[in-house]
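# Structural description and commentary
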Amino acid sequence: MGSSRHWGAWFPSLRVHPAGVFGVAFLARVALVFYGVLQDRTLRVKYTDIDYQVFTDAARFVTQGRSPYLRATYRYTPLLAWLLTPNVYLSELFGKFLFISCDLLTAFLLFRLLLLKGLQQPQACGYCVFWLLNPLPMAVSSRGNADSIVASLVLMALYLVEKRLIACAAVFYGFAVHMKMYPVTYALPIALHLLPERDNDECHESRHSFQARLYAFLKRLCSRAVLIFIAVSGLTFFALSFGFYRKYGWEFVEHTYLYHLTRRDIRHNFSPYFYMLYLTAESKWSFPLGIVVFLPQFILLLAVSFAYYRDLVFCCFLHTYIFVTFNKVCTSQYFLWYLCLLPLVMPLVRMPWKRAVVLLMLWFIGQAVWLAPAYVLEFQGRNTFLFIWLAGLFFLFINCSVLIQIISHYKEKRPRKRIKYD
């Protein structure tokens, strides 16, 4: 296979049948769930994610008519605990089957979005293999991590935007932001994507002054599609938040939203800011520094929004990659937030095979380099914070290199006639 062939060409060449690959993916996930039961019973190192027990305990409090926040370290919306009440009534495996179902729903939505982009079924299914048979999402969902729910909500919103069902897309987007805060960064690119085209008079006026350009932009921002999306998504988010606030009070706001804005993880953390935040944990500058580190994220997300909003999926992928890479807290499960969008990006990133393989190897090497001193810290109790931080900087460099290569090899399709959402 020549190195000139782009990296995404191999996946559609698999010629797999959708029913077959989805069936294999489902059976593999089910097998992992039951393997997890065996490992949990026989080995010291548990297969099930520690957070899954937190979810189940919170759900048990809900079934007793009490607050899920009575469970220490439950930092999620009560909606998740409500969804997992069958863990108490039926079986503790219910939540894992819910998560792997959302995992497969994510793949199905990827498949439908790829078809909307003009790919044939075998090609679309070939790209979905990257998610369906990827060991990382398979392991994460079968261990009891709830991020597959958010991934399916985000992709459903993007799918409905592409189908021009703006109000329905806004409902799913509101739910996604309620479940996890990171999709809120998609608000600007979605709004820009829904803007109507400028007419000739506006183009002529906008050449003269900044005020004229700003006025024309704000005028377009008040289009029907944008206002519907903002109103419906905002109503969905605030209705959920108000309802849970009425029931659980301020602890809902603190644990669901505020905790994640002020959170500092000073041990298991890929973030380049981790060592600084660790050293200043008891300082008066701790809180201000925790806010300042959002500035690089904000600048990059703003620039990407205006540069790539026409291709909404690609823009959201870049948003998520930047958000995770420059976040003040970064763990392995965060990688799924952008990996679930990668199959949609692969057809348009014309990167040579050899370069893609090198970047992938560097990405895994960066994690391995970080995990070595993290293991020594966690299991041997030795002070390796400086080495963890240096490894985090190395991983940041790798992620920035990957991002630059993806952007530089991105080939946007010739825009068709702009879709009118009004």
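As the structure is a computational prediction, the values presented were derived from the model and not from experiment.

Of the regular secondary structure elements, the chain holds 22 helices and 0 strands. Taking all 422 residues of the chain together, the buried fraction comes to 51%. Taking as baseline every contact in the chain between residues at least 6 positions apart, the subset at least 24 positions apart corresponds to 74%. Here the chain has roughly 20900 Å² of accessible surface; of this, 66% comes from carbon and sulfur atoms.

What follows is about the packing of helix α5 (residues 94–116) against helix α8 (residues 147–162). With their axes 8 Å apart at the nearest point, α5 and α8 run at an angle of 25° to one another. Taken as axis vectors, α5 and α8 run roughly parallel relative to one another. Here α5 runs over α8; the crossing is left-handed. For the pair formed by α5 and α8, the contact residues are Leu98, Phe99, Cys102, Asp103, Leu105, Thr106, Leu109, Leu110, Arg112, Leu113 and Leu116 on the first element and Ser148, Ile149, Ala151, Ser152, Leu155, Met156, Leu158, Tyr159 and Glu162 on the second. Taken together, the residues of the contact of α5 with α8 sort by class into 14 nonpolar, 3 polar and 3 charged.

This part covers unusual backbone geometry. A positive phi angle is found at Thr73, which is not glycine, with a value near 70°. Of note, Thr73 is situated in the loop between α2 (50–63) and α3 (78–83). Judged by relative accessible area, Thr73 falls into the partly exposed class, the value being 44%.

Counting 125 residues, the largest nonpolar core has Phe55, Tyr74, Leu80, Phe317, Phe335, Leu339 and Leu341 as its most contacted members. Broken down by element, the residue count for this core peaks at 12 residues, all from α8. Leave out the neighbours within four places in its chain, and Leu339 touches Phe130, Trp131, Leu136 and Trp363.

Right, let's talk about the environment of Leu136 for a bit. The residue Leu136 is located in helix α7 (residues 135–142) in this model. By relative accessible area, Leu136 is classed as partly exposed at 28%. C-alpha separation for the pair Leu136 and Phe335, spaced 199 residues apart in sequence, amounts to 9.3 Å. When neighbours within four sequence positions are excluded, Leu136 is seen to be in contact with Leu336 and Leu339.

If you trace the backbone, Gln39 turns up in helix α1 (residues 18–42). Here the side chain of Gln39 touches Val45 through a polar contact of 3.0 Å, landing on its backbone oxygen. Excluding its chain neighbours within four sequence positions, the residues that come into contact with Gln39 are Val45, Lys46 and Tyr47.

Per the counting criterion, the structure on display carries 6 salt bridges. For Asp103, the salt bridge goes to Arg29, with nearest N and O atoms at 3.0 Å. Of this pair, Asp103 sits in helix α5 while Arg29 is found in helix α1, placing the two residues 74 residues apart along the sequence. Across the pair, exposure class does not vary: Asp103 and Arg29 are buried alike. Across the pair Asp147 and Lys180 runs a salt bridge, and its minimum N-O distance is 3.5 Å.

Time to look at the confidence of the model for the chain. On average, residues of the chain score 86 in pLDDT, and 87% of them are at 70 or above. Ranking the elements of the chain by mean pLDDT puts helix α11 (residues 200–205) last, at 52, and helix α9 (residues 166–179) first, at 96.

Here we come to helix α10 (residues 187–194). Residues that lie three or four places apart on an α-helix share one face, since the helix turns once every 3.6 residues. With 6 of 8 residues buried, α10 is to be regarded as a mostly interior element. Of the positions making up α10, those classed as buried are Pro189, Ile190, Ala191, Leu192, His193 and Leu194.

Our next topic: a nonpolar patch on the surface. Taken together, the side chains of Val357, Val358, Met361, Leu362, Ile365, Val369, Phe394 and Phe397 define a hydrophobic patch exposed on the protein surface, amounting to about 670 Å² of accessible area. Where the nonpolar patch is concerned, the elements lending two or more residues are α21 (353–380) and α22 (385–408). For the nonpolar patch, the element with the highest residue contribution is α21, accounting for 6 residues. For Val357, the location among the structural elements is in helix α21.

For the rest of this paragraph, the subject is the packing of α10 against helix α17 (residues 294–308). Axis separation between α10 and α17 bottoms out at 9 Å; the angle between their running directions is 20°. Considered as vectors, α10 and α17 are oriented roughly parallel to each other. As α10 packs across α17, the resulting crossing turns out to be right-handed. Counting all contacts with α10, which are made through Leu188, Pro189 and Leu192, the residues of α17 involved are Leu302, Ser305 and Phe306.

The full count for this structure, using the stated rule, is 35 aromatic pairs. Residues Phe270 and Phe335 carry aromatic rings whose centres are separated by 5.6 Å and whose planes lie at 50° to one another, so their mutual orientation is tilted. Here Phe270, found in the loop between α14 (250–262) and α15 (274–279), pairs with Phe335, found in helix α19 (residues 335–339); they are 65 residues apart in sequence, far enough to count as distant. Overall, the relative accessible area of 4% leaves Phe270 in the buried class.

We now examine the side chain of Asp49. As for its position among the elements, Asp49 is in the loop between α1 and α2. Buried Asp49, no salt bridge; nearest opposite-charge side chain is Arg143, N-O distance 4.1 Å. Ignoring sequence-local partners within four residues, the contact set of Asp49 consists of Arg143 and Asn145.

Reading guide: rules and limits
Throughout, residues of each chain are indexed from 1 in the direction in which the sequence is written. Local features are withheld for residues below a pLDDT of 70 in this predicted model, meaning they are given only at 70 or higher, and side-chain atom pairs are given and counted only at 80 or more; totals for whole chains, interfaces and linings count all residues. Excluded from the side-chain calculation are hydrogens and water; included are all heavy atoms of the structure. Think of it this way: any DSSP run of H or I at least four residues long counts as a helix, any run of E at least two long counts as a strand, and we number them from the N terminus. Per-residue accessibility, obtained with a 1.4 Å probe over protein chains only, is compared with the maximum for each type, and a residue is labelled buried under 20%, exposed over 50%, and partly exposed between these values. Any pair of residues with heavy atoms lying within 4.5 Å of one another is described as a contacting pair. Areas reported here follow the Shrake-Rupley algorithm with a probe of radius 1.4 Å; residue values treat only the protein chains shown as occluding. Here the axes come from fitting lines to C-alpha atoms, over the contacting stretch only for helices, and the angles between their N-to-C directions go from 0 to 180 degrees. An angle below 35 degrees is read as roughly parallel, one above 145 as roughly antiparallel, one from 65 to 115 as roughly perpendicular, and any other as oblique. Note on convention: the crossing is left-handed when the near helix lies turned anticlockwise from the far helix by less than a right angle, right-handed when the turn is clockwise. Any residue that is not Ala, Val, Leu, Ile, Met, Phe, Trp, Tyr, Cys, Pro, Asp, Glu, Lys or Arg is counted as polar, Gly included; the first ten are nonpolar and the last four charged. Only buried Ala, Val, Leu, Ile, Met, Phe, Trp, Tyr and Cys residues count toward a nonpolar core, and they belong to the same one when joined by side-chain atoms within 4.5 Å. In protein, a polar contact requires one atom able to donate a hydrogen and another able to accept it; more generally it is a pair of N or O atoms within 3.5 Å, and residues adjacent in sequence count only if both atoms are side-chain atoms. For this analysis, a salt bridge means a side-chain nitrogen from Lys or Arg found within 4 Å of a carboxyl oxygen belonging to Asp or Glu. Confidence scores here are pLDDT values: one per residue, from the predictor, ranging 0 to 100. Every patch collects residues that have over 30% relative accessible area and no salt bridge, joining them within 9 Å if they carry like charges and within 5 Å if they are nonpolar side chains (Val, Leu, Ile, Met, Phe, Trp, Tyr). A pair of aromatic rings is counted whenever rings of Phe, Tyr or Trp (Trp by its six-membered ring) have centres within 6.5 Å, and the orientation is called stacked for planes under 30 degrees apart, edge-to-face for over 60 and tilted otherwise. For the purpose of counting charges, residues Lys and Arg are taken to be positive, whereas Asp and Glu are taken to be negative. His and the chain ends are not included.

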